[in-house]
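Chain by chain, the residues:
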Amino acid sequence: LATDKEAINSAVYFGHGQIAHSFLAPAMPHYKEDLPAVSVDVEAAKQLLADAGYPDGFDLTVEVGSGDSTILQTATMLQEQWGEIGVNLNIQQIDIATARQNWQAGEYDVFLSNMTSDMTDSSEVAGLWCISEQANCWRSYWDDADQDQAEELCRLGNSEMDEELRMDYYGQMQEVVADAVPVIPLVYAPFAVVTSDRVTGLAQTPLGIYNVKNMEIAK
């Protein structure tokens, strides 16, 4: 409720991203389009903190890999936004290898990351986030009753051959994750590529990898 995704998209991605509501991206075949959007509501966020026993907020630390300007800018904006509800986000810049090691070990408060999928089926990313034994729910260490429900739905979707049923299972799974919020999806960010009109045949995969096999540069 205190995270202004529109502002982050505008400032960090120059408005070229798409606001994210699910941890599955729209390019995935079982992305749920009608998840409810969460609008910024600072007062409601403050009330939730008070109800949880933190009327004065609390401190958090986010580790940012040195030299990653995009992540640093995002963290700086979150620091300002969350500060409005009393959550003091301390930004610690360290080398990215150490930050990722801490993330993998669960020794962190907040970690900013991105992910892509190298396969066209939803099961890979779905399993990473919802099945506990797969990288501890993408290193979020999410392990409550909601996680159990999401895992059951994920396994049903992974094993179901009927696409209509798969869509239903994965849709319910995304609803559980969106409600439990083990992760705050921010933006579906495109890979920005600038080329000359002299360049033809340059291709880029959904993973952001350049394919220059058929590239030609006109004189």
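Our structure's up above, just so we're on the same page.
Residues numbered from 1 in each chain as written. Predicted model: local features only at pLDDT ≥ 70, side-chain atom pairs only at ≥ 80, totals over all residues. Heavy atoms only, no water.

Colleague: Which residues make up helix H7 (residues 145-159), and what values do they have?
Modeller: For an α-helix, 3.6 residues make a turn, and residues three or four places apart therefore share a direction. Over its 15 residues, H7 extends 22 Å from the first C-alpha to the last, a length consistent with the 21 Å expected when each residue adds 1.5 Å. Within the sequence span of H7, burial applies to Gln147, Ala150, Glu151, Leu153, Cys154 and Gly157. Where H7 is buried, its residues touch helix H5 (123-130), helix H6 (135-139) and helix H8 (163-180). (Helix = DSSP H or I, 4+ residues; strand = E, 2+ residues; numbered from the N terminus. Expected span 1.5 Å × (residues − 1). Buried < 20%, exposed > 50% of the residue type's maximum accessible area, 1.4 Å probe, protein only. Contact = heavy atoms within 4.5 Å.)

Colleague: Provide a residue-level description of the packing of H7 against H8, including the pertinent values.
Modeller: In contact at an axis separation of 8 Å, H7 and H8 are set at 160° when each is read in the N-to-C sense. Taken together, H7 and H8 sit at an angle that is classed as roughly antiparallel. The way H7 lies across H8 gives a crossing that is left-handed. Contacts between H7 and H8 involve Asp146, Gln149, Ala150, Leu153, Cys154, Leu156, Gly157 and Asn158 from the former and Arg166, Tyr169, Tyr170, Gln172, Met173, Val176, Val177 and Ala180 from the latter. (Axes fitted to C-alpha atoms, helices over the stretch in contact; angles between N-to-C directions. Parallel < 35°, antiparallel > 145°, perpendicular 65-115°, else oblique. Left-handed = near helix turned anticlockwise from the far one by under 90°.)

Colleague: Any chance you could break down the packing of helix H1 (residues 5-12) against helix H3 (residues 69-83) for me, citing the residues and the numbers?
Modeller: Pairs of packed helices are described in terms of their axes, by the angle between the two and the distance that separates them. For the pair H1 and H3, the least separation of the axes is 10 Å and the interaxial angle reads 145°. Judged by the sense of rotation from one axis to the other, the crossing of H1 with H3 is right-handed. Facing Ala7, Ile8, Ala11 and Val12 of H1, the residues of H3 in contact are Thr70, Gln73, Thr74, Met77, Leu78 and Gln81. Grouping the amino acids of the contact of H1 with H3 by side-chain chemistry returns six nonpolar, four polar and no charged. (Nonpolar A, V, L, I, M, F, W, Y, C, P; charged D, E, K, R; others polar.)

Colleague: Before we move on, could you go through H3 and cite the residues and values that matter?
Modeller: Between the first and last C-alpha of H3 there are 21 Å, a value that for 15 residues agrees with the 21 Å anticipated at 1.5 Å per step. Buried residues of H3: Ile71, Thr74, Ala75, Met77, Leu78, Gln81 and Trp82, and no others. The buried residues of H3 occupy an angular sector of 165° when the element is viewed end-on, so they sit on one face. Turned more than 90 degrees from where H3 packs its buried face, Ser69 and Glu80 sit exposed. (Arc of directions from axis to C-beta.)

Colleague: Give me the lowdown on the nonpolar core, citing residues and values where you can.
Modeller: If you look at the biggest cluster of nonpolar residues, it comprises 21 residues, and the most contacted ones within it are Val62, Trp82, Ile85 and Leu89. Mapped onto this core, the elements with two or more residues apiece are H1, helix H2 (42-51), strand E2 (58-65), H3 and strand E3 (87-94). Here this core takes five residues from H3, the largest share from any one element. Counting residues in hydrophobic clusters, the runner-up holds 18 residues, among them Ala126, Cys137, Ala150 and Leu153. (Core = buried A, V, L, I, M, F, W, Y, C linked by side-chain atoms within 4.5 Å.)

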